[in-house]
Amino acid sequence: MADWLAALDRRAELRAKAGLTRRLHPRAAGEAVTDLAGNDYLGLATHPEVTAAAARALSAYGLGATGSRLVRGSTDAHHALEDALAGWIGTDRALVFSSGYLANIGALRALVQPRTLLVSDAHNHASLIDGCRISGAETVVTAHADVTAVAAALAVAPDRPAVVVTESVFSVDGDLAPLAELHAVARRYGALLLVDDAHALGVTGPAGAGAVAAAGLAGQPDVVVTATLSKALGGAGGLVAGPAEFVRHLVETGRTFIFDTALPPAVAAGVHTAVGLARAGDPLRAELAARAAFAVRRLREAGLPVSAPDAAVISVTAPGPEAATTWAADCRDRGVAVGCFRPPSTPDTRSRLRLTLNVGVPRADFERALEVIVECAP
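Keep in mind it's a predicted model, so treat the numbers as computed, not measured.

A. Just the sheet that holds strand β7 (residues 223–228), in detail. One open sheet holds the seven strands; their spatial order is β2-β8-β7-β6-β5-β3-β4, and the pairing between them is mixed. Each edge of the open sheet is held by one strand with a lone partner, namely β2 (93–97) and β4 (138–142). Each adjacent strand pair in this sheet contributes to an overall mean axis angle of 20 degrees, direction not counted. Pairing of strand β3 (residues 117–121) with strand β5 (residues 162–167), which is carried by four bridges, proceeds in the parallel orientation. Of the residues in β5, the one forming a bridge with L117 is A162. Along the sheet, helix α10 (residues 244–253) makes contact with β2, β7 and β8 (238–242), crossing β2 at roughly 30 degrees.

B. Summary view of the packing of aromatic side chains. Under the defined criterion, the tally for this structure stands at two aromatic pairs. Geometrically, the ring pair formed by F97 and F257 is edge-to-face, given 5.5 Å between the ring centres and 65 degrees between the ring planes. Note that F97 is positioned in strand β2 and F257 in helix α11 (residues 255–258), a separation of 160 residues in sequence. A single burial state applies to F97 and to F257, both of which are buried. Arranged with centres 6.2 Å apart and planes meeting at 55 degrees, the rings of F294 and F366 form a pair that is tilted. Of the two residues, F294 sits in helix α13 (residues 282–301) while F366 sits in helix α15 (residues 363–376), which places them 72 residues apart along the sequence. What makes F366 buried here is its relative accessible area of 1%.

C. Highlighting the environment of L304. Turning to its location among the elements, L304 is positioned in the loop between α13 and β9 (313–317). In sequence terms L304 and V316 are 12 residues apart; their C-alpha atoms lie 6.9 Å from each other. Once you skip the residues sitting within four places of it in the chain, L304 turns out to touch L299, V316, W327, V374 and A377.

D. A look at the side chain of D121. Relative to the assigned elements, D121 resides in strand β3. Of the buried charged residues, D121 lacks a salt bridge, with R352 as the closest side chain of opposite charge at 11 Å. In this structure the side chain of D121 is engaged in a polar contact, spanning 2.9 Å, whose partner is the side chain of H144. From its side chain, D121 meets the backbone nitrogen of A145 in a polar contact 2.6 Å long.

E. Looking closely at the pattern of salt bridges. The tally for this structure, following the rule as stated, stands at 13 salt bridges. The closest approach of N and O atoms between R133 and D130, which form a salt bridge, is 3.7 Å. One end of the pair is R133 and the other is D130, both in helix α6 (residues 126–135) and three residues apart, which spans about a single turn. Taking relative accessible area as the criterion, D130 reaches 23% and is therefore assigned partly exposed. The salt bridge involving E287 is made with R291; its shortest N-O contact spans 2.7 Å. Of this pair, E287 and R291 are both found in helix α13, four residues apart, which corresponds to roughly one turn of the helix. For R291, a relative accessible area of 4% puts it in the buried group. Each of E287, R291, R363 and E367 takes part in a single network of salt bridges with overlapping partners.

F. Local environment of helix α7 (residues 147–155). Within the sequence span of α7, burial applies to V147, V150, A151, A153 and L154. The buried residues of α7 all sit within an arc of 160 degrees when viewed along its axis, so they share a single face. Close packing links the buried residues of α7 with β3, β4, β5 and α8 (179–188). For α7, the N-terminal capping position is held by D146, with its side-chain oxygen 3.1 Å away from the main-chain nitrogen of T148.

Calculation rules
- Residues numbered from 1 in each chain as written.
- Predicted model: local features only at pLDDT ≥ 70, side-chain atom pairs only at ≥ 80, totals over all residues.
- Heavy atoms only, no water.
- Pairing = 2+ DSSP bridges.
- Helix = DSSP H or I, 4+ residues; strand = E, 2+ residues; numbered from the N terminus.
- Axes fitted to C-alpha atoms, helices over the stretch in contact; angles between N-to-C directions.
- Contact = heavy atoms within 4.5 Å.
- Phe/Tyr/Trp six-rings, centres within 6.5 Å; stacked < 30°, edge-to-face > 60°.
- Buried < 20%, exposed > 50% of the residue type's maximum accessible area, 1.4 Å probe, protein only.
- Lys, Arg positive; Asp, Glu negative; His and termini not counted.
- Salt bridge = Lys/Arg side-chain N within 4 Å of Asp/Glu carboxyl O.
- Polar contact = N/O pair within 3.5 Å; in protein donor to acceptor, adjacent residues only side chain to side chain.
- Arc of directions from axis to C-beta.

Now the structure itself:
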């Protein structure tokens, strides 16, 4: 009976030798750490208007939604949030899920019909990869941000339904997909385009409406947008937005929507307030862009290999997984939290620190954090 546990121990030992051990690091409320690891880009998670809205809904509705959306889990807070998101993103409708992961899986599964071909970027997030796998459809993985490769994959299956699957701002290196070009190729071959706009919503585009809107694709009938509510909006949950017919299809058939307990109403209400703040947040986005440019300049001056960010994600290459782990730990010991990404979380086997910028961090603390990163570099 213990053989399976011994096997797990052996696998843990192998991960440790490869520098791939992962550990939980609980944080206390009000922890005195400069956060360059979380995704609260606009600093809205603790905004007083956001927390007040959540508190009012918590008092009115209670802790949880108490059921799935089709049973008792749909509240006025959910529907108000969905209307606000659709109006902001520029789609017919939006549907809120309990997580971005489930939103991606649900959207991909709902887009697949018999003989569908999925064309997926090699750097896509795990939720998109798992969505492709769970859908059961044939999936072709194309080189990162390679429009020519996408066109070639679609050209060999001209009579099949197809979906091009991509992030907008990629979650590891922070680079922007060529969305307009991908859409043009998809439309040429009669394919749909699914864009995970998680790291762009609130950060880029007109009034922060995201990279899809910035590319002029908002409301296009052959484009489906997914995103999380846990990044620039500072909350939790996920969304799928697109044509009304597709959202109706999700409500009626989407397993990750139908059979999952709904997002807590307090979170929905808080995120709804965050949407309004994000739409009016051009000064926050300007500060975020200025910090990204400053960080890249400072880290490059120190001789560190740094990505050129298109939003608020900065990737700094480490010599290897163990070096990345030590680097992140040394930063944490000096009061700076950074992301540490190693295989298999990275799509190209490179280990790196990932810095995610947050305008809620005081500017002086942000600049000091960059100095700590430089001083702790391997």
